[in-house]
Amino acid sequence: MDSDFRGTLFLILALFFLPQLSCNINCPTGCHCAGEVICIQIKKIPRDLPLNTTKLQLLYTTMTVLNEHSFTALRLLTRFGLTKSPLHTIHPRAFQTIPKLRSLMLTSNSLSTLPELVFNPLTELEQLFLDENQLETLTPEMFRGLAALQEMSLSNNKLRNLRSDIFDGLTSLTYLNLGRNLIKKLPPTIFHSLINLGKLFLYGNELEVLESGIFDRLVALEELKIQQNQISSLPPQVFWPLRNLKVLSLSNNQLQTVPKESFYFMPMLTKFTIYNNPLLSLPDQLMGHMPDLRAFHLYGTNLTTVPGNLFANMSGLQSLYSGTNIQLKDLPSELFCCLPELKNLTLESNNLHDLPPNLFSRLTSLQVLRLRQNKLQNVPGDIFQGLGKLSIVDLKENKLKTLPGDIFLSNVALREVHLSNNIWDCTCGIRRIAEWIRENEHMVPDKDETLCRSPMDKVSRTLSSLREEEFDFCDATTALYLTTTPETQTTTSLPDTEESLPTTMTPEINSGPRTTTSLPDIEEFLPTTMTPEIDSGPRTTTSLPEFKDSLPTTSPIIDDRSPPFYDMLVFENGPDFVHHNFYSGWVYVWSLPSETSLYGLLIFSHILLVFAGLILILATMYSMYRLDKIMNKLMA
């Protein structure tokens, strides 16, 4: 029983492995025979291949010719490929012996011509790939009888002119690639027989114009790529028949204008690109109903603005790239009114100076917003309000001096904010956004490159390094004066000087008429590097006579040439070094903050320099004395 079982098992194993064993035994040198036969670097098609071979791939061979006997022993062949070889000649009857061939790949060879009837025997052929050769001409006879052909690629050849009937009879064709040739013009009826064509690629040619009606019969077309040509104008309504089109690429052409209603009646469109065209303007009526459009690319143009309703019919849009338009200065406030699904918006490398306050207010699904490399000088405080899903904001390389401190308050999903390479003005206006950066450093990946550009004492400091106490003076009233009359006494504060004076100085005391409440323009006579007086402590009140008596006669607070101060002068605890000037009836007071260690170092350095100078003078005098004595001796 055991011996019978072992014999049966051996027979089963032998039958199972027999085809593979016989295949490996008959596999010629340089080939691999496991299912599909693959041969590399051979000189000709081997004649000892298994008789049941149906798939044969030849790579990097030295073959230059396919003759009429090349496939005599391969009558069951259904797929054949000969690629990356110096093949330059095919015999007119080379494929006569393999009529069941369904796929023929002759890419990356040196074919410059083909016999007219070479493919006629291949009535069951479904795929024909002739790309990356040197083909210059094609005739309709080459493809006659290929009624079953579904895919054909002729890209990367040297085709220039195609006859209008070149594709007649190829009614089953669904894929046609004519890209990267030298075609300048196509006959208007060249595609009219391709009623089942789903993908048409014409990219990388030299097309200058599209003939009117050229796409009229392509009712099944889903993908049309015409980028990288020289097309300078579009016929009106040229795309209207393409009601099933899903992908349209018109980028890298020479379009300056587009006829109105050019992109109507394409409700199935999912991706549309028209970038790198020298467009000067777009008509208000341009885009039809496109509810399924997911990606739209409009960049590299000369547009200065765009119609406010450009995206109004794209309710399903998720990704919008409209950057690198170096002339684009203005965006209509209603531009993004109707994009509830938009997730990725790129407006970088434009020429935007300002943004309308409600520009993004309806983009409730927005996640990524890129505004880098513009010329934005300010951003409205509520520009990002309501964008609860916003996670990335890029404001790098603009002209921003400050941002409102609560600008990101409603963006609960925020995780990245890029702020570097702006001209941050680190005075009072930067206080709140600097505080936000300190508290959310993990959200600012470029915080170490987010640097102050002014004032001088803070240049090259990072915004995150600015401490809260450095802005205490922003909350204080920097000076008060009291006016008294025999009947009443009135306390009046000076006007807010932050708006009327340079940010680096603060006028302090008024000695002119008591009814004056505005400050004159003092930019012309005050130094630009002065620092505002910092007043943050409790105030003390001192009567003027007592105050004057307690000061030295050379006190910088009182100017004997100016009219006397009011009877009562109010000071807040302030600096140790005060200077003032009198101008047009006003006494202006400014100060430098006292820092003991800094001024001690400066005084020490000054004394050291003076001492070194004295030593150099004495050494010079002694040297002259010695020189004089030597000269006297020599003369004697």
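In this text, all values refer to a predicted model and were calculated from it rather than measured experimentally.

Next up on the list: the pairing of strand β3 (residues 55-59). Regular strands show a simple pattern: their side chains alternate between the two faces of the sheet. In the sheet, strand β2 (residues 36-40) pairs with β3 via 4 bridges, with the strands oriented parallel. Paired with Cys39 across the two strands is Leu58, which belongs to β3.

The subject of this paragraph is helix α2 (residues 431-439). Within the span of α2, buried status applies to Arg431, Ile433, Ala434, Trp436 and Ile437. Where the residues of α2 are buried, they touch β20 (416-418).

Right, let's talk about the packing of aromatic side chains for a bit. Per the stated rule, a full pass over the model turns up 19 aromatic pairs. Relative to Phe201, the ring of Tyr175 lies with its centre 5.6 Å away and its plane at 90°, an arrangement referred to as edge-to-face. With Tyr175 in strand β10 (residues 175-177) and Phe201 in strand β11 (residues 199-201), this residue pair connects regions lying 26 residues apart in the sequence. Both rings, one in Phe272 and one in Phe296, keep their centres 5.2 Å apart while their planes meet at 15°; by these two values the pair is stacked.

So, on to the environment of Leu390. For Leu390, the location among the structural elements is in the loop between β18 (368-370) and β19 (392-394). What makes Leu390 buried here is its relative accessible area of 0%. A sequence separation of 22 residues divides Leu390 from Val412, and the C-alpha atoms of the two residues are 7.8 Å apart. Each residue touching Leu390, except ones within four places of it in the same chain, is listed here: Leu366, Gln367, Val368, Leu369, Phe384, Asn411, Ala413 and Leu414.

Quick notes on the rules
- Residues numbered from 1 in each chain as written.
- Predicted model: local features only at pLDDT ≥ 70, side-chain atom pairs only at ≥ 80, totals over all residues.
- Heavy atoms only, no water.
- Pairing = 2+ DSSP bridges.
- Helix = DSSP H or I, 4+ residues; strand = E, 2+ residues; numbered from the N terminus.
- Buried < 20%, exposed > 50% of the residue type's maximum accessible area, 1.4 Å probe, protein only.
- Contact = heavy atoms within 4.5 Å.
- Phe/Tyr/Trp six-rings, centres within 6.5 Å; stacked < 30°, edge-to-face > 60°.

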